Amino acid sequence: MKMRFLALCTALVAATALTGCGGLSGSGSDTQKVTLWLMKGSASDDFVRKFTASFEKEHPGIDLEVRIQEWTGIGAKVNAVLNGTGKESADVIEVGNTQVAQYIETGGLSELTLEGLRTWGAKDWLKGLADPGSINGAQYGIPWYAANRVVIYHKDLFAAAGIKELPRNRQEWITATQKLDKGDQQGIYLAGQNWYVLSGFVWDEGGELAVETGGLWVGTLDSEPALAGMEFYKKLQALGDGPKDADEETPPQAEVFARGQVAQIIAPPGQAAQIEQLNPALKGKLGFFPIPGKTTGTYGSVLTGGSDLIIPERTRNRAAAVDVITALVSEKWQTELARTMSYVPNKTTLAPVVQGDDGAAAMAQGAAQGRATPKSARWAEVEAKNPIKPYMTAVLTGQDPKQAARAASDTLGKVLSSDR
């Protein structure tokens, strides 16, 4: 229909020198095209179809085009939109929550502080999504959805060990894991270089990975709180046979768990589906609980993954772009996305909408203690040659923790401050 209309419009222009087809009844000439970039895998095709149809019905003057993007190479594409050098344009873009600092530094983002406060319920946003999207009190990235790690456990092995109640604090977790760690059975499979998990333990102790002071970044893994977090990691890691010199993907921990002799792993709950696919005999035998905190009644801090939504400053459709975000962060579509994709909604107040999904519910409980990596545009460079991983291996293999932490902290500071 749109192609037929365009052909008719072109013919009329040629014949009558009209400047457009606005005078034609029902022509739809006032329709405003708005482009939304979503990342591959963030939302199902069905969600995108339903959202688009609903949005266009509620906003008859807007033609919403959703374009799915690949994560690989997305940084360059987004920067091209922000600085106006790309062939493509977008009015709303989904970006990783830890990527927002990079785009803020690049420039070209529309500030959304007032919309967040007035319309989008900023006071209830998950900290791990909201904090990376702001700088100096100004909000540029709007929380969309979150995901974080939980404990996935083997129900039969817990029952066989006589564990009837799930651990409520760190000490109960250690005690239960010690009971589970016997013979060929591992109490927990925790690879030595899982820095995502270590980050949560560091934060629980009141430490940080790095801090900005006097305009420069300083690595703080050698602080007493951070060292205490590493000490707890070492104690937990010893209750299994995880490699001390590799991360959770070498080998993939889901494959190790699927062999049936591991009682626990720390992972996003979606890995349960991978485990069941690898070993169908485990279907229905997997459970979830949030990473326990230091005291009963608290959950452990977790590194929050997920996405924020941004609006390029160059958009000619800012009001419509705001409308798109308003819809995407509404309770209706937050609920739909969370239930469809087993995500955590962007607000703590929406956690109950995933109660029917055990994995997502455990994830939502932990998400309230979610944090993000240091808010630096250079963090991606840290991860590329991650000094935290060899530091962890050094401690686990008996080297002096303070000395190893100091070396890693020095590298963190140099990389994060490389542009200062």
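Residues numbered from 1 in each chain as written. Predicted model: local features only at pLDDT ≥ 70, side-chain atom pairs only at ≥ 80, totals over all residues. Heavy atoms only, no water.

1. What about the sheet that holds strand β6 (residues 142–147)?
Here comes step 1: The six strands are arranged β2-β1-β3-β13-β6-β14 in an open sheet whose pairing can be described as mixed. Both outer strands of the open sheet, β2 (62–69) and β14 (344–345), are each paired with one neighbouring strand and no more.
Here comes step 2: Pairing geometry for strand β1 (residues 32–39) and strand β3 (residues 92–96), over two bridges, is parallel. Opposite W37, over in β3, you have I93 as the bridge partner.
Here comes step 3: This element, helix α13 (residues 318–328), spans β1, β2, β3, β6 and β13 (305–310) of the sheet and lies at about 45 degrees to β1. (Pairing = 2+ DSSP bridges. Helix = DSSP H or I, 4+ residues; strand = E, 2+ residues; numbered from the N terminus. Contact = heavy atoms within 4.5 Å. Axes fitted to C-alpha atoms, helices over the stretch in contact; angles between N-to-C directions.)

2. Focus on the pairing of strand β10 (residues 264–267)
Here comes step 1: Of the two faces of β10, the one carrying Q264 and I266 and the one carrying I265 and A267 are both buried.
Here comes step 2: As judged from the four bridges shared by strand β7 (residues 150–154) and β10, these two strands associate in the antiparallel manner. Bridge assignment links Y153 to a residue of β10, and that residue is Q264. (Buried < 20%, exposed > 50% of the residue type's maximum accessible area, 1.4 Å probe, protein only.)

3. Notes on the pattern of salt bridges
When their charged atoms lie close together, side chains carrying opposite charge are able to pair.
Here comes step 1: Taken as a whole, this structure holds 22 salt bridges when the rule is applied.
Here comes step 2: We note a salt bridge from R318 to E115, for which the minimum N-O separation is 2.9 Å. Of this pair, R318 sits in helix α13 while E115 sits in helix α5 (residues 113–118), placing them 203 residues apart in sequence.
Here comes step 3: Looking at R318, the relative accessible area reads 30%, which means it is partly exposed.
Here comes step 4: The class of E115 is buried, set by a relative accessible area of 17%. (Salt bridge = Lys/Arg side-chain N within 4 Å of Asp/Glu carboxyl O.)

4. Thoughts on the confidence of the model for the protein
Here comes step 1: Summary statistics for the protein give a mean pLDDT of 92 and a share of 93% for residues scoring 70 or more.
Here comes step 2: Predicted confidence for residues 1–28 stays below pLDDT 50, and this span has 13 contacts to residues more than four positions away or in other chains. (pLDDT = per-residue confidence, 0-100.)

5. What about the sheet that holds β7?
Here comes step 1: Read from one edge of the open sheet, three strands run β10-β7-β11, paired in antiparallel fashion. Only two strands of the sheet have a single neighbouring strand rather than two, namely β10 and β11 (286–289). Taking each pair of neighbouring strands and ignoring which way they run, the sheet shows an average axis angle of 30 degrees.
Here comes step 2: Bridge count between β7 and β11: four bridges; the pairing is antiparallel. When the sheet's bridge partners are listed, Y153 is paired in β11 with G287.

6. Focus on the side chain of Q334
Here comes step 1: Among the structural elements, Q334 can be located in helix α14 (residues 331–341).
Here comes step 2: Within the structure, Q334 has its side chain in polar contact with the backbone oxygen of L328 (distance 3.2 Å).
Here comes step 3: Residues within four places of Q334 in sequence aside, it is in contact with W144, L328, V329, P345, N346 and L350. (Polar contact = N/O pair within 3.5 Å; in protein donor to acceptor, adjacent residues only side chain to side chain.)

7. Quick notes on the packing of aromatic side chains
Here comes step 1: Applying the stated criterion to the full structure yields 15 aromatic pairs.
Here comes step 2: Measuring from ring centre to ring centre gives 4.9 Å for F201 and F232, while their planes differ by 85 degrees; the resulting arrangement is edge-to-face. Taken together, the residues span a long stretch of sequence, with F201 in helix α9 (residues 195–204) and F232 in helix α10 (residues 224–237) at a distance of 31 residues.
Here comes step 3: Classification of F201 by relative accessible area gives buried; the value is 1%. (Phe/Tyr/Trp six-rings, centres within 6.5 Å; stacked < 30°, edge-to-face > 60°.)

8. Regarding the packing of α10 against helix α17 (residues 388–396)
Here comes step 1: Across the interface, α10 lies against α17 with an axial gap of 10 Å and an inter-helix angle of 65 degrees. When the axes of α10 and α17 are compared, the crossing they make is right-handed. Two secondary-structure elements touch here, α10 through L227, M230, Y233, K234 and Q237 and α17 through Y391, M392, V395 and L396.
Here comes step 2: Along the lines of polarity and charge, the residues of the contact of α10 with α17 split into seven nonpolar, one polar and one charged. (Left-handed = near helix turned anticlockwise from the far one by under 90°. Nonpolar A, V, L, I, M, F, W, Y, C, P; charged D, E, K, R; others polar.)

9. With respect to the side chain of T315
Here comes step 1: Looking at the secondary structure, you find T315 in the loop between β13 and α13.
Here comes step 2: With a relative accessible area of 14%, T315 lands in the buried category.
Here comes step 3: Within polar-contact distance, the side chain of T315 engages the side chain of D91 at 2.6 Å.
Here comes step 4: There is a polar contact of 2.9 Å between the side chain of T315 and the backbone nitrogen of N317.

10. Quick word on the environment of S409
Here comes step 1: Considering the arrangement of structural elements, one finds S409 in helix α18 (residues 401–416).
Here comes step 2: Spatially, the C-alpha atoms of S409 and G219 are 4.0 Å apart, while their sequence positions differ by 190 residues.
Here comes step 3: If we ignore the near neighbours within four places in the chain, the residues touching S409 are G219, T220, L221 and D222.

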